[in-house]
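Examination of the molecular architecture
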Amino acid sequence: MEEKLQDYYSVIFEPKLLTEIIKFGKFTTIKKNELLIDVGGKITHIPLLLNGAIKIVREAKNGDEIVLYFLERGDTCAISFVNCLNSNLSKVRGIAEKDSEVIFLPIKKLEEWMAKYKSWREFIIDSYSIRLDEMIEIIDTLAFMKMDRRLLKYLQDKVKIMRDPILSVTHLQIALDLNTSRVVVSRLLKQLENEGKIKLFRKKIEVLEY
DNA sequence: ACATTAAGTGATT
DNA sequence: AATCACTTAATGT
């Protein structure tokens, strides 16, 4: 755990903070599709991603859900950190998109570190502002982009996250992530294939442009 | 061989 | 873009 932490975070965190993280953080391995945080769940720890990817999903009361964004190595859910300073309930769901390694940090410590470490303050503020930018982008995507462009963006984002141009996803899963119907996804995918942007296989999609 | 799941299609709203 | 009602294709048992 320590080496991995050094690898990604020694540049941004001061040494004293790193030792505290090692001391108080709980290192965990998470398998694909495992649930990290559920809607309404109390948050006592904030994850710091060492590697892998987490899918953040918003769920409506009627069960509709939509993918907001992905967390990658070096990311943390600053939204939930700030969120949990007020209420301790999560407004989103986090699912492992692939096998991931995470350090869980207790919220109490995080608050303490805010006062103690400049690098930690900067880290939280930075990731909060990055997240906010992403949220704006999501609003644009949802409000102004047609399904076909949303779909392409989804695929391209996923390729970046998975670091593999060949995605193992079914049309149905995509439809659920985008909150649309499978039929629509199938048709649009075919359209994208005809445009030469992707190649379709059974349970697999190769993204040619990203 | 049969059942199940993934994907394709036409028609309708 | 969504839904319906199929069809076809691939996979699992």
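On a predicted model such as this, the values are computed, not experimentally measured, just so you know. (Residues numbered from 1 in each chain as written. Chains lettered and ligands numbered in written order. Predicted model: local features only at pLDDT ≥ 70, side-chain atom pairs only at ≥ 80, totals over all residues. Heavy atoms only, no water.)

Moving on, we get to unusual backbone geometry. For residues besides glycine, phi is generally negative; the peptide bonds are generally trans as well. Residue Asn179 is not a glycine yet carries a positive backbone phi of 55 degrees. With respect to the helices, strands and loops of the structure, Asn179 is situated in the loop between helix 7 (171–178) and helix 8 (182–194). According to the relative accessible area criterion, Asn179 is partly exposed, its value standing at 41%. For Lys203, which is not glycine, the phi torsion reads 60 degrees and is therefore positive. Along the chain, the position of Lys203 falls in the loop between strand 7 (198–201) and strand 8 (204–207). Overall, Lys203 belongs to the exposed group, its relative accessible area being 55%. (Helix = DSSP H or I, 4+ residues; strand = E, 2+ residues; numbered from the N terminus. Buried < 20%, exposed > 50% of the residue type's maximum accessible area, 1.4 Å probe, protein only.)

Core analysis: the largest hydrophobic core is formed by 37 residues, its most contacted members being Tyr9, Phe13, Ile21, Leu48, Leu105, Trp113 and Trp120. Ranked by residues supplied to this core, first place goes to strand 3 (residues 45–59) with six residues. The contacts of Tyr9, once residues within four sequence positions are left out, are Leu18, Leu48, Leu49, Leu50, Gly74, Asp75 and Phe123. The next biggest cluster of nonpolar side chains, apart from the first, holds 17 residues, and it includes Ala175, Leu178, Ile205 and Val207. (Core = buried A, V, L, I, M, F, W, Y, C linked by side-chain atoms within 4.5 Å. Contact = heavy atoms within 4.5 Å.)

Further remarks concern the protein's contact with DNA strand C. Taken together, Lys146, Met147, Thr180, Ser181, Val183, Val184, Arg187, Leu188 and Arg202 form the complete shell of residues around DNA strand C. Considering DNA strand C, the proportion of its atoms within 4 Å of the protein that are sugar or phosphate atoms stands at 70%. In this structure, Met147 approaches DNA strand C through a main-chain N or O atom, which is 2.7 Å from a phosphate oxygen. Between DNA strand C and Arg202, the relevant distance is 3.3 Å, taken from a sugar or linking oxygen to a side-chain nitrogen or oxygen of the residue. For the surface near DNA strand C, the leading source of residues is helix 8, giving four residues. Each residue belonging to the surface near DNA strand C can be placed in one class, and the counts come to four nonpolar, two polar and three charged. (Near = heavy atom within 4 Å. Polar contact = N/O pair within 3.5 Å; in protein donor to acceptor, adjacent residues only side chain to side chain. Nonpolar A, V, L, I, M, F, W, Y, C, P; charged D, E, K, R; others polar.)

DNA strand B sits among Thr170, His171, Arg182, Val183, Ser186, Arg187, Lys190, Arg202 and Lys203. Expressed as a percentage, the sugar and phosphate content of the atoms of DNA strand B within 4 Å of the protein is 35%. One of the side-chain nitrogen or oxygen atoms of Arg187 is found 2.4 Å away from a base nitrogen of DNA strand B. In the environment of DNA strand B, a sugar or linking oxygen lies 2.8 Å from a nitrogen or oxygen atom belonging to the side chain of Arg202. Ranked by residues supplied to the surface near DNA strand B, first place goes to helix 8 with five residues. A breakdown of the residues in the surface near DNA strand B according to their chemical character gives one nonpolar, three polar and five charged.

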